[in-house]
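# Architecture and fold: a report
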Amino acid sequence: MDIDKLFKVPRLPASSKRKMPDNPTPEMLKKMRLDTPSNGDSEDSAMDVDMPESSSAPRQQSRRATVEDGEDKTIDTSFAPGGDADYFVEEDEEGRFYGGGLTSEQKQILSIFESAEGEGTTEDPEGISITSIRRTLLKFERAVNKNQDQRSKYPDDPSKFIDSEADLDSALKSLLSLAQSPVLAYPELVRSGSVSLLIGLLSHENADIVIDVVDVIHELTDEDVGNELEDEEEHEEAQAALKTLIEALLENSILELLVDNLSRLNETEESDRQGVFHILGIRVFENMLGFNPDLSLILVSKTKMMNWLLNRVQSKTHDENRGYSAELLSILLQNNSVIRQDFSKKDGVEIALNVLSQFRRRDPVDADEAEFMENLFDALCSALAEPEVKSFFLASEGVDLMLLMMREKLQSKSRAIKTLDYAMSGVAGTIICASFVEVLGLKTLFAAFMGKGSRKSKSNTPPTTSEDTSHILGIISSLFSNIPSDSPDRIRLLTKFVENNYEKADKLLEVRENAHNRLKVVDTEIEAEKKETLADGGETESEDEDLFYLRRLEGGLFTLQTVDYIIAWVVMEDDGIRGHITQMLERKNQSLKDIISTLQIYRDNLDADTQSNGSATDHAPEGGALSQKEILRHLIDFLHGCS
């Protein structure tokens, strides 16, 4: 059965009027309405449409219905779906109607909210003027004063000052735009006294306001401020303005207040945790330390920053703030002896070792935790440059922990080798070298040097990298420099190079050859650059020679010097090793003279009486120990006698 036929409208008799189709579409209706001529003076203007006859009425009494065409503004929209105000207005290119889904009242409310939000938007940087800056600062000052006044009047009734707190929040956000014009804004910010108001808000009762202040300070002190300026003179002016602002912030004790807020915020709350992230997250502190590295000493000496960082890295669960704490700790310990000593006095060495001990039997779970581990190792290595720290390292059983990590052969293995290299270097590392041999560290060390894997898990053993090899050579070099001659420990060390038919001595020569080949490539490049400079009529200056020497060190000379230093020691102390190494060198058309040449370059580039840890002194090391330069002189003299 065709249901459509039952409801089909019967045909109308022929007429001169336009007929409506059986199934009119909205497009047809619209076209018929638009095509009808309108008469503004006549209210009877209409579009007549023939309607079907009623089957129950005589043909003569059939009535003809008409649809009047009124003006658009008089269209009745009461039947629009949902009262959509745009139902009769919006349409696409094909004439389909969609509407906006909002009533007229709803559209009006939305318009009010959009205009209110637009009041606090950032101005175009090109439109920022000294007048608008002063207006922004005045608005901020009034908001601060009003909030302080209402909080003092109604301290126990938040409903009385909640509105002023919202205005203060808005005023703080408006200060973010000042970073777009530092040359104009920063001097005015300092001159107006707004800096002291801003810093004072770091003690505000509302933690959300404190977080807003931290965001503003970060934005204003960002290291990229002024970098978008193409003109060099304008860029210098922007940097000068930034310097003025940072000095004003420091005068108002910003570092102390920021550190106080670290202890005040409760990281179990999400908003407070974000506040710590904004302060710590290598943003505010890093910006200021990057601008003036000397501020690190002020940060540690005048605040409780070191205590907070050491407590934070001991957290049982890992998160971003814990990772940033380790990173900031490594930055602070890089170049300042006073900070390193303060680190050791506050049990920093023992804390770092306790935290790192968790990676003895497991690898970091992700990249963030791996970075945390590396930063903590770097902080420990930086601190070990101080002799006092090495004593704490030994007392905290740091040597034992590093050897256990080397034996487990996890990701911490490479970091442990590096840490031992730093700990055993220099005259102050003598006691650590003795302890290293005593706890059977030679077996573990030379197993790593030879690249031998663990019997338990050979498949999981990571290969020995060039960095690991460099640090292993550094450890062996320190052992020869610090272990007394004719002592049992010294004999045990030399025995390692004799056993298994001099396999360790052969490994030394293999490493030497690889370093020598890498160095030849760098030397060829340097010679080509020198010839090009001479061809252009230029000269090689002393600064250029220094840069060339640094390139040679990175290109293999450093490894070559360390290897030849070790070879000179074993050749001097054992006749059997001397004969074996001389024979192996002759097979490659080399001799001990090549080793002498390397050691002479090493000696000539040492500053003053440099110790084996690389620190220069104006006098001989304490305890009658020889300086590194004196040791090299004796080794060179001995090799001259053998060649």
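Placed above this text is the structure.
Numbering of residues starts from 1 in each chain and follows the order in which that chain's sequence is written. Owing to the predicted nature of the model, reporting of local features is limited to residues with pLDDT of at least 70; listing and counting of side-chain atom pairs is limited to 80 or more, with chain, interface and lining totals taken over all residues. In computing side-chain values, all of the structure's heavy atoms are included and hydrogens and water are not.

### Some details on the overall build of the protein chain
Strands here mean DSSP runs of E at least two residues long; helices mean DSSP runs of H or I at least four residues long; both are numbered from the N terminus. In terms of regular secondary structure, the protein chain is built from 29 helices and 4 strands. The cut-offs for exposure are 20% and 50% of the maximum accessible area for each residue type, with area from a 1.4 Å probe on protein chains only; residues under the lower value are buried, those over the upper are exposed, and the others partly exposed. In the protein chain, which comprises 643 residues, the proportion classed as buried is 40%. Partitioning the contacts of the protein chain with sequence separation of at least 6, the portion at a separation of at least 24 is 68%. For the accessible areas, the method is Shrake-Rupley and the probe is 1.4 Å, while residue cover comes only from the protein chains on display. For the protein chain, the exposed surface amounts to about 35900 Å²; the carbon and sulfur share of it is 48%. Contacts between residues were defined by any pair of non-hydrogen atoms, one from each residue, lying within 4.5 Å.

### Considering helix 5 (residues 158-174)
Expected helix span is computed as 1.5 Å times (number of residues minus one). The terminal C-alpha atoms of helix 5, which comprises 17 residues, lie 24 Å apart, in line with the 24 Å expected from a rise of 1.5 Å per residue. Inspection of helix 5 places F161, S164, E165, L168, A171, L172 and S174 among the buried residues, and these make up the whole buried set. Along its buried surface, helix 5 packs onto helix 4 (130-153), helix 7 (194-200) and helix 8 (207-220).

### Focus: unusual backbone geometry
Positive phi, normally seen in glycine, also occurs at D486, with a value near 65°. Tracing the backbone through its elements, the reader meets D486 in the loop between helix 24 (466-482) and helix 25 (488-535). Phi is positive for Y502, close to 60°, though the residue is something other than glycine.

### Brief notes about helix 24
A rise of 1.5 Å per residue sets the reference length of helix 24, with its 17 residues, at 24 Å; its end C-alpha atoms lie 24 Å apart and thus fit the reference within 8%. Within helix 24, 13 of the 17 residues are buried, leaving the element largely enclosed by the surrounding structure.

### Some details on the pattern of salt bridges
Definition used for salt bridges: Asp or Glu carboxyl oxygen within 4 Å of a side-chain nitrogen of Lys or Arg. All chains considered together, the criterion is met by 26 salt bridges. Notably, a salt bridge pairs K173 with D212, separated by 3.6 Å at the nearest N-O pair. With K173 in helix 5 and D212 in helix 8, this pair connects stretches of sequence that are 39 residues apart. A relative accessible area of 12% places D212 in the buried class. One salt bridge connects K418 with D378, and the closest N-O pair in it is separated by 3.2 Å. Separated by 40 residues along the polypeptide, K418 in helix 21 (residues 412-424) and D378 in helix 18 (residues 367-383) bring together distant segments of the chain. Judged by relative accessible area, which is 15%, K418 ranks as buried. Residue classification places D378 among the partly exposed residues on the basis of a relative accessible area of 26%. Because the salt bridges share partners, they merge into one network encompassing K496, E499, E503 and K504.

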